[in-house]
Amino acid sequence: MLAHLIEEASKMQMIMFGPPGAGKGTQSKRVAAHYSIPQLSTGDMLRDAVAAGTPLGMRAKDLMERGALVGDDIVVACVRQRLMDADTQRGFILDGFPRTVAQAVELNEVLTEIGRRLDIVIELSVDDDELEKRIAARARNAAAAGEKVRVDDDPQTVKLRLREFYNNTQPVSEFYRSAGLLVKVDGLRDVEQVTSEIINLTKDVRHF
Ligand code: B4P
């Protein structure tokens, strides 16, 4: 009973980091459900804005379809606003953010402003061949199910997304490693095995 109450009161503030298709979205949803905290995916926020045709979505659409990163100002503004929502009080998982060192620096500023801090950054490691296979499988499965295929899941665009990752996003890993927050997880295993490892790694870092 006491353990349950402690679990209820404690916070988990984490980042799920990794290349496109590493399973950030897949794992964030599962871990967020385990801790009953929201998954804040900048990819989903941007896709929703594109679908709704908002001014922000119109700025993001072309960049996303080309496999490029959307401007730091747009993404940071989305995250800043979302972190003000009451449901993040017990914690959150940032999925796909930050994707540049500038975003990481701005996130630190936002968290300091609102009196919050990060507990852990999980980096999912998956090699490029497997990333390309997973994204191709997602596109095939969506088409077979009659669902919308993500424009950026086209094989040529995936190569550009990977290039963007190595040029602009990979340095974020070093940023958090030097802050003592980074933990690498082998993302090549089954979905369930990866989730178990993340839950094991995170259960001792929650705070009040
Ligand atoms: P995201 O929506 O973040 O897309 P992603 O990197 O492809 O997704 P993820 O790693 O979550 O893969 P998933 O779990 O789905 O970004 C899309 C675009 O938005 C970016 O290219 C950029 O333009 C823009 N954007 C987003 N955030 C931004 C930011 N902060 N700054 C600037 N621009 C930004 O997994 C992929 C597939 O693998 C799935 O089909 C899944 O079922 C499968 N899978 C997962 N884990 C597996 C496992 N263990 N084994 C086998 N298959 C697995």
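Residues numbered from 1 in each chain as written. Predicted model: local features only at pLDDT ≥ 70, side-chain atom pairs only at ≥ 80, totals over all residues. Heavy atoms only, no water.

### Here we look at the pattern of salt bridges
Next up, step 1: Counted according to the given criterion, the structure contains 17 salt bridges.
Next up, step 2: Here Asp 153 makes a salt bridge to Arg 138, at a shortest N to O gap of 2.8 Å. One end of the pair, Asp 153, is in the loop between helix 7 (128-144) and helix 8 (155-169); the other, Arg 138, is in helix 7, with 15 residues separating them in the sequence.
Next up, step 3: Through salt bridges that share partners, Arg 138, Arg 150, Asp 152, Asp 153 and Arg 161 make up one connected network. (Salt bridge = Lys/Arg side-chain N within 4 Å of Asp/Glu carboxyl O. Helix = DSSP H or I, 4+ residues; strand = E, 2+ residues; numbered from the N terminus.)

### Observations concerning the nonpolar core
Next up, step 1: Core analysis: the biggest nonpolar cluster contains 28 residues, and Ile 15, Leu 83, Leu 94, Leu 107, Leu 118 and Tyr 176 have the highest contact counts within it.
Next up, step 2: The biggest single contributor to this core is helix 5 (residues 72-83), with six residues. (Core = buried A, V, L, I, M, F, W, Y, C linked by side-chain atoms within 4.5 Å. Buried < 20%, exposed > 50% of the residue type's maximum accessible area, 1.4 Å probe, protein only.)

### With respect to the sheet that holds strand 4 (residues 120-125)
Next up, step 1: The strand order across the open sheet formed by five strands is 2-3-1-4-5, and the pairing between neighbours is parallel. Each edge of the open sheet carries a strand with a single partner, namely strand 2 (39-41) and strand 5 (182-186). Neighbour-to-neighbour, the strand axes of the sheet open up by a mean angle of 25 degrees, direction not taken into account.
Next up, step 2: In the sheet, strand 4 pairs with strand 5 via five bridges, with the strands oriented parallel. Looking across to strand 5, one finds that Val 121 is bridged to Leu 182.
Next up, step 3: Packing against the sheet, helix 3 (residues 42-52) makes contact with strand 2 and strand 3 (91-95), and its axis sits at approximately 60 degrees to strand 2. (Pairing = 2+ DSSP bridges. Axes fitted to C-alpha atoms, helices over the stretch in contact; angles between N-to-C directions. Contact = heavy atoms within 4.5 Å.)

### Topic: helix 9 (residues 171-178)
Next up, step 1: Within the span of helix 9, buried status applies to Val 172, Ser 173 and Tyr 176. Relative to the axis of helix 9, the buried residues are bounded by an arc of 105 degrees and lie together on one face.
Next up, step 2: Positive phi shows up at Gly 180, right after helix 9, with a value of about 75 degrees. (Arc of directions from axis to C-beta.)

### With respect to the packing of helix 7 against helix 8
Next up, step 1: Running from N to C, helix 7 and helix 8 point in directions that differ by 135 degrees, and their axes come no closer than 11 Å. Relative to helix 8, the element helix 7 lies oblique. Considering only the axes of helix 7 and helix 8, their crossing is right-handed. On helix 8, the residues that touch Asp 128, Leu 131, Glu 132, Ile 135 and Arg 138 of helix 7 are Val 158, Lys 159, Arg 161, Leu 162 and Tyr 166. (Parallel < 35°, antiparallel > 145°, perpendicular 65-115°, else oblique. Left-handed = near helix turned anticlockwise from the far one by under 90°.)

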